[in-house]
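# Architecture and fold: a report
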Amino acid sequence: MDQPHHRIIVLSENVARYLLRGESYLSRSGFVLVAGAGGRDILDLAARERPAAAVLGFDLGDLQADEVCRSLKRSLDPPPVVLIVGPARPPEIARRCRAAG
C-alpha cells in the first residue's frame, strides 16, 4: 500500500503559480501539492512531508535550485525525484542542475 508521503509533491512558489491555477493532472491523480516560498522553506517542507518529488524553478530567492536538489538528495531516504524547470541559459545553469542530480 502506498505510504502517505509518496503522494506529496513539493513545488517552488514560481512553479506553483502555474500548476495550481486550475485543477491539474497531479491533483486529479491524488497527489498533494505543497508550495514553499524559497529554498529554505522548501527544505523545511521536505523534511516534514518527505515528498516523492519536488518541482522547482531555478531561482528560489535565498538558494538556487541546484543547492536545494543536492540537499534533498543527501538528507532524505528515499530521496525524492527532483525536476528543475526554467531556462537553460546561460549553459552554466543547466550544467549545475545536471551535476546536482
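That block above? That's the structure.
So, a few notes on the structure that sits alongside this text. (Residues numbered from 1 in each chain as written. Predicted model: local features only at pLDDT ≥ 70, side-chain atom pairs only at ≥ 80, totals over all residues. Heavy atoms only, no water.)

Moving on, we come to the overall build of the protein. Of regular secondary structure, the protein possesses 5 helices and 4 strands. Counted from the first residue to the last, the protein has its helices and strands arranged as β-α-α-β-α-β-α-β-α. Counting over 101 residues, the protein shows a buried share of 38%. Here the contacts in the protein between residues at least 6 apart in sequence split such that 64% fall between residues at least 24 apart. Counting every atom, the protein has about 6000 Å² of accessible surface; 54% of that belongs to carbon and sulfur. (Helix = DSSP H or I, 4+ residues; strand = E, 2+ residues; numbered from the N terminus. Buried < 20%, exposed > 50% of the residue type's maximum accessible area, 1.4 Å probe, protein only. Contact = heavy atoms within 4.5 Å. Areas by Shrake-Rupley, 256 points an atom, 1.4 Å probe, with all protein chains shown as cover.)

Cis geometry is adopted by the peptide bond preceding Pro78, which originates at Asp77 and carries an omega value of 0°. Tracing the chain through its elements places Pro78 in the loop between helix H4 (65–75) and strand E4 (81–85).

In short, the description is geometric, and any link to function would need to be established separately.
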